[in-house]
Amino acid sequence: MPMLLPNVSGSALSRVITYCWRSLEIQSKLPVLVDVVAEEVVGEGDLEAEKATKQERKEFEAEFLKDESNEDVKELILAVNYLNIKELLDFLC
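Just so it is clear, the model here is predicted, and its values are computed rather than measured.

### Side note on the overall build of the protein chain
When you go through the protein chain residue by residue, the secondary structure sums to four helices and two strands. If you list the helices and strands of the protein chain from N to C, you get α-β-β-α-α-α. Looking at the protein chain as a whole, 19% of its 93 residues qualify as buried. Within the protein chain, counting contacts between residues at least 6 apart in sequence, those at least 24 apart form 68% of the total. A total of about 7,100 Å² of accessible surface is found on the protein chain, and carbon and sulfur atoms cover 57% of it.

### Comments concerning helix α1 (residues 10-27)
Here α1 contains 18 residues, and its C-alpha end-to-end distance of 25 Å stays within 8% of the 26 Å for a straight helix at 1.5 Å per residue. Here α1 has its buried residues at A12, V16, Y19, S23 and I26. All buried residues of α1 project into a common sector of 95 degrees when viewed along the axis, lining one side. In α1, the exposed positions that point more than 90 degrees away from the buried face belong to G10, W21 and L24.

What counts as what
- Residues numbered from 1 in each chain as written.
- Predicted model: local features only at pLDDT ≥ 70, side-chain atom pairs only at ≥ 80, totals over all residues.
- Heavy atoms only, no water.
- Helix = DSSP H or I, 4+ residues; strand = E, 2+ residues; numbered from the N terminus.
- Buried < 20%, exposed > 50% of the residue type's maximum accessible area, 1.4 Å probe, protein only.
- Contact = heavy atoms within 4.5 Å.
- Areas by Shrake-Rupley, 256 points an atom, 1.4 Å probe, with all protein chains shown as cover.
- Expected span 1.5 Å × (residues − 1).
- Arc of directions from axis to C-beta.

See below:
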């Protein structure tokens with residue numbers, strides 16, 4: 001059964017889904033931190049992986065908005081707000 005999203009255009013929804021999928025892919029590359037008696041154990045390789053992942057996210061986000069007009073970004077913000085996707089809303093605003 002289709003879900004109606006009256007305040008979200010198809011193009012904005014497509015961009016939101018693209019962002020969310022790519023964000024999850026990037027986030028999955030972050031190392032899992034181990035909690036040992038309330039202390040996180042982080043290896044040097046983990047810090048490098050986190051740094052590389054943050055850089056990849058930064059590059060993706062720059063590319064994500066590269067060809068968007070102001071009107072497209074406004075439509076995207078309205079869609080993200082309606083869908084209540086905080087991470088993307090924080091990025092856009």
